[in-house]
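Okay, here's what each chain looks like letter by letter:
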Amino acid sequence: MEDLTKVQLFVVWVLPVLFAITVHEVAHGWMARRLGDSTAFMLGRLTLNPLRHIDPLGTVVLPLLLYFFSPFVFGWAKPVPVNWRNLHHPRRDMALVALAGPGANLLMAIFWALMIKLGVLLLPVLEWLALPLVYMGGAGVLINAILMALNMMPVLPLDGGRILHALLPPRLGQAFSTLEPYGLFIIVALLMSGLLGKVLGLLV
C-alpha cells in the first residue's frame, strides 16, 4: 500500500475499520444475550449499523487527528453495556462475553483474507474490482489482527483483562479490578513508549 496517498489509504481503511469495531461490539452483546442479559438488545446495540457503536471522540475525532498528524493511531468504540447480574453464571459468562469480541475479529480476519484471495483471482479480468478487494482485504486482516491482539492484553477494561479477572480467585480478582480506572493510561503510556507496538507486532 506504499503507493497510495493518505486520502486513498483512508478510503481503503474506513470500511474494514468500521466493520471491525461494529462486529466486535455486536459480538459482545450477542453473547451476553445468549447467556441471559438482554441489555444491549433492549438498547438497540445488536445492530450492524456502525452509527450505534461510534464514539464521536474515540472513533472519529481522535483517530483522524492522529492519522494525519501522528506516527501512531489510537481510538475506541462505544462499549456495549452488559449487566453481569442477569448472566446465568456471572464469572464464567463475563469471560465468554469478553472473549466473543476478539473471536469476532478472528473470523473477520479470515473473511478479509478470503477477499484478498478473491481479488487475486479476479485481477487478470476485473482489475478495477480486484485491486480494491486486495487492498481492503489487507487492511481488514491487519486491523482485525491488531484489535484481537490488543483486546486480549490482560489489562482492564480490555477483554483480556475481563477474562483474567474471571479466571482469578475472587479475592485476587477483586484486587485486580482496582486497576481498571488506570487501564487507559497504562495503554496510552505503553503506546507512546513504543513497547505496545513491539508486543502487538509480534502477536500480529
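Residues numbered from 1 in each chain as written. Predicted model: local features only at pLDDT ≥ 70, side-chain atom pairs only at ≥ 80, totals over all residues. Heavy atoms only, no water.

## Observations concerning the nonpolar core
Phase 1: Formed by L4, L9, V12, W112, M115, L122, A130, L133, M136 and A139, the largest nonpolar core amounts to ten residues.
Phase 2: For this core, the secondary structure elements donating two or more residues are α1 (6-34), α4 (90-122) and α5 (127-151).
Phase 3: The biggest single contributor to this core is α5, with four residues.
Phase 4: Grouped together as the second largest cluster of nonpolar side chains are nine residues, A149, M153, L158 and L196 included. (Core = buried A, V, L, I, M, F, W, Y, C linked by side-chain atoms within 4.5 Å. Buried < 20%, exposed > 50% of the residue type's maximum accessible area, 1.4 Å probe, protein only. Helix = DSSP H or I, 4+ residues; strand = E, 2+ residues; numbered from the N terminus.)

## A short note on the confidence of the model for the chain
For any part of a model where pLDDT is low, the fine detail of the predicted coordinates should not be relied upon.
Phase 1: Confidence in the prediction for the chain averages 89 pLDDT; 95% of positions are at 70 or higher.
Phase 2: Highest mean pLDDT in the chain belongs to α4 (96); lowest belongs to helix α3 (residues 56-69) (74). (pLDDT = per-residue confidence, 0-100.)

## Quick word on helix α8 (residues 183-193)
Side chains that are three or four residues apart share a direction in an α-helix, a result of its 3.6 residues per turn.
Phase 1: When we look at burial in α8, the residues that qualify are G183, I187 and L191. One face of α8 carries all of its buried residues, which in axial projection span an arc of 70°. Those residues of α8 that are exposed and aimed more than 90 degrees away from the buried face are F185, M192 and S193.
Phase 2: Residues of α8 that are buried sit in contact with α9 (195-203).
Phase 3: Once α8 finishes, G194 follows within two positions and takes phi at roughly 90°, a positive value. (Arc of directions from axis to C-beta. Contact = heavy atoms within 4.5 Å.)

## A short note on the environment of L203
Phase 1: Positionally, L203 belongs in helix α9.
Phase 2: Remark: the alpha-carbon pair of L203 and L150, spanning 53 residues in sequence, is separated by 9.0 Å.

## Re the layout of surface pockets
Phase 1: In this structure, the second largest pocket occupies an estimated 260 Å³ of space.
Phase 2: Around the second largest pocket sit V82, W84, P90, R91, M94, L156, R162, H165, A166, S177 and E180, which together line it.
Phase 3: When residues of the lining of the second largest pocket are traced back to their parent elements, those giving at least two are α4 and α6 (159-167).
Phase 4: The residue inventory of the lining of the second largest pocket, partitioned by class, reads six nonpolar, two polar and three charged. (1 Å grid on protein atoms, 1.4 Å probe; cavity = no way out; pocket = protein on both sides within 12 Å on 5 of 7 lines; lining within 4 Å. Points joined across faces, edges and corners; volume = space filled by probe spheres on them. Nonpolar A, V, L, I, M, F, W, Y, C, P; charged D, E, K, R; others polar.)

## Quick look at the packing of α4 against α6
Phase 1: Between α4 and α6, the shortest axis-to-axis distance is 8 Å and the interhelical angle comes to 155°. If you check the angle between α4 and α6, you find them roughly antiparallel. Read as a crossing pair, α4 and α6 show a hand that is left-handed. Note on element contacts: α6 touches α4 through D159, R162, I163, H165, A166 and L167, opposite R91, A95, A98, L99, G101 and P102.
Phase 2: Here the residues of the contact of α4 with α6 sort into seven nonpolar, two polar and three charged. (Axes fitted to C-alpha atoms, helices over the stretch in contact; angles between N-to-C directions. Parallel < 35°, antiparallel > 145°, perpendicular 65-115°, else oblique. Left-handed = near helix turned anticlockwise from the far one by under 90°.)

## A few points about the packing of aromatic side chains
Phase 1: Counting across every chain of the model gives one aromatic pair.
Phase 2: For the ring pair F111 and W112, a centre distance of 5.2 Å and an interplane angle of 70° mean the geometry is edge-to-face.
Phase 3: By relative accessible area, which is 7% here, W112 ends up buried.
Phase 4: Over the aromatic face of F41 sits the side chain of R33, whose NZ or CZ is 3.6 Å from the ring centroid. (Phe/Tyr/Trp six-rings, centres within 6.5 Å; stacked < 30°, edge-to-face > 60°. Lys NZ or Arg CZ within 6 Å of the ring centre and 35° of its normal.)

## Thoughts on the environment of R162
Phase 1: Structurally, R162 is set in helix α6.
Phase 2: A C-alpha to C-alpha distance of 31 Å links R162 and L114, two positions 48 residues apart in sequence.
Phase 3: Each residue touching R162, except ones within four places of it in the same chain, is listed here: A98, L156, P157 and E180.
Phase 4: Separated by 2.8 Å, the side chains of R162 and E180 make a polar contact. (Polar contact = N/O pair within 3.5 Å; in protein donor to acceptor, adjacent residues only side chain to side chain.)

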